[in-house]
Amino acid sequence: MFGVIRNSLFGSVEGWPCQVLSRGEKEEVTYEERTCEGGKFATVEVAGKQFDEASKEAVLKLLKYVGGTNDKGVGMGMTAPVSITAFPGEAGSLQQKVKVSLRIPSQYQDNPPCPGDESIQIEEREGMTIYSTQFGGYAKEEDYVNYAAKLRSALGSEAAYRKDFYLCNGYDPPMKPYWRRNEVWFVKE
């Protein structure tokens, strides 16, 4: 586990392969349209808890998995971002369920280790095109909801994207106090 934390602070963290297609700005919100590669992801679903609590629980399980709690006992290293699928509820709030995902590092994509925790599933996902906006700080539910509303407003009614969920992404370990990167992604239809 310490190795995962050390590498995420001082080493290189493999990023999710994405390519920027376009950039825009509207109503003081900057956003990008990107294509992101598919691949295998380790995922954990948590229901019946508030967003922040559920996300923390799931992230800790995924950290243990990539840190070596798997059938091969291998520490795979971190990838970024940690992606949290959020499901909008009524009045702008989020439902009490999340799906937290971490892309399996490239060298393990063909044959990822089996998780030691039954709540972790390995999923194959298709590539996707997304709209994203970025912000800093230690992101909580309120921040993601706020930036999702800003992105929705900036895109207007012309952009076609999934309305039943969006992705809340964090790129940095909790020990990094400055220049943090968080994003909200809407998946293009």
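Residues numbered from 1 in each chain as written. Predicted model: local features only at pLDDT ≥ 70, side-chain atom pairs only at ≥ 80, totals over all residues. Heavy atoms only, no water.

**Q** Which residues make up the state of the cysteines, and what values go with them?
**A** Going through the model one piece at a time under the given rule, you end up with one disulfide. A sulfur-sulfur separation of 2.4 Å characterises the disulfide bridge that pairs cysteine 18 with cysteine 36. Across the S-S bond of cysteine 18 and cysteine 36 the torsion is about 110°, and the bridge reads as right-handed. With a gap of 18 residues between them, cysteine 18 in strand β2 (residues 18-26) and cysteine 36 in strand β3 (residues 29-36) connect regions that are remote in the sequence. (Disulfide = S-S within 2.5 Å. Helix = DSSP H or I, 4+ residues; strand = E, 2+ residues; numbered from the N terminus.)

**Q** Residues and numbers for the sheet that holds β3, please.
**A** Pairing between the strands of a sheet comes from backbone hydrogen bonds, and it takes one of two forms, parallel or antiparallel. Strand order in the open sheet formed by nine strands is β2-β3-β9-β11-β10-β6-β7-β4-β8, and the pairing between neighbours is antiparallel. The open sheet terminates on both sides in strands that have one partner only, identified here as β2 and β8 (120-125). On average, each strand axis in the sheet is inclined to that of its neighbour by 30°, with strand direction left out of account. Bridge count between strand β6 (residues 82-88) and strand β10 (residues 166-170): five bridges; the pairing is antiparallel. When the sheet's bridge partners are listed, serine 83 is paired in β10 with asparagine 169. This element, helix α2 (residues 51-67), spans β4 (39-47), β6, β7 (94-103), β8 and β10 of the sheet and lies at about 20° to β7. Each of β2, β3, β7, β9 (128-135), β10 and β11 (182-187) touches helix α3 (residues 141-155); the most contacted strand, β11, lies at about 50° to it. (Pairing = 2+ DSSP bridges. Axes fitted to C-alpha atoms, helices over the stretch in contact; angles between N-to-C directions. Contact = heavy atoms within 4.5 Å.)

**Q** Explain the nonpolar core residue by residue, including any values.
**A** By size, the foremost hydrophobic cluster in this structure holds 34 residues, and its most contacted members are Phe51, Tyr166, Val184 and Phe186. Those elements that provide at least two residues to this core are β4, α2, β6, β7, β9, α3, β10 and β11. Ranked by residue count, the leading element in this core is α2, at seven residues. Contact partners of valine 184, with chain neighbours within four places excluded, come to Tyr131, Ser132, Thr133, Phe135, Tyr144, Tyr147, Ala148, Leu151, Tyr166 and Leu167. Residues Ala80, Phe87, Phe165 and Leu167 belong to the second largest nonpolar core, which totals twelve residues. (Core = buried A, V, L, I, M, F, W, Y, C linked by side-chain atoms within 4.5 Å. Buried < 20%, exposed > 50% of the residue type's maximum accessible area, 1.4 Å probe, protein only.)

**Q** Outline the environment of glycine 38, supporting the account with residue identities and numerical values.
**A** Considering the arrangement of structural elements, one finds glycine 38 in the loop between β3 and β4. The spacing of glycine 38 and proline 105 is 67 residues in sequence and 12 Å in space, taken between C-alpha atoms. Aside from chain neighbours lying at most four places away, what touches glycine 38 is Arg103, Arg125, Glu126 and Gly127.

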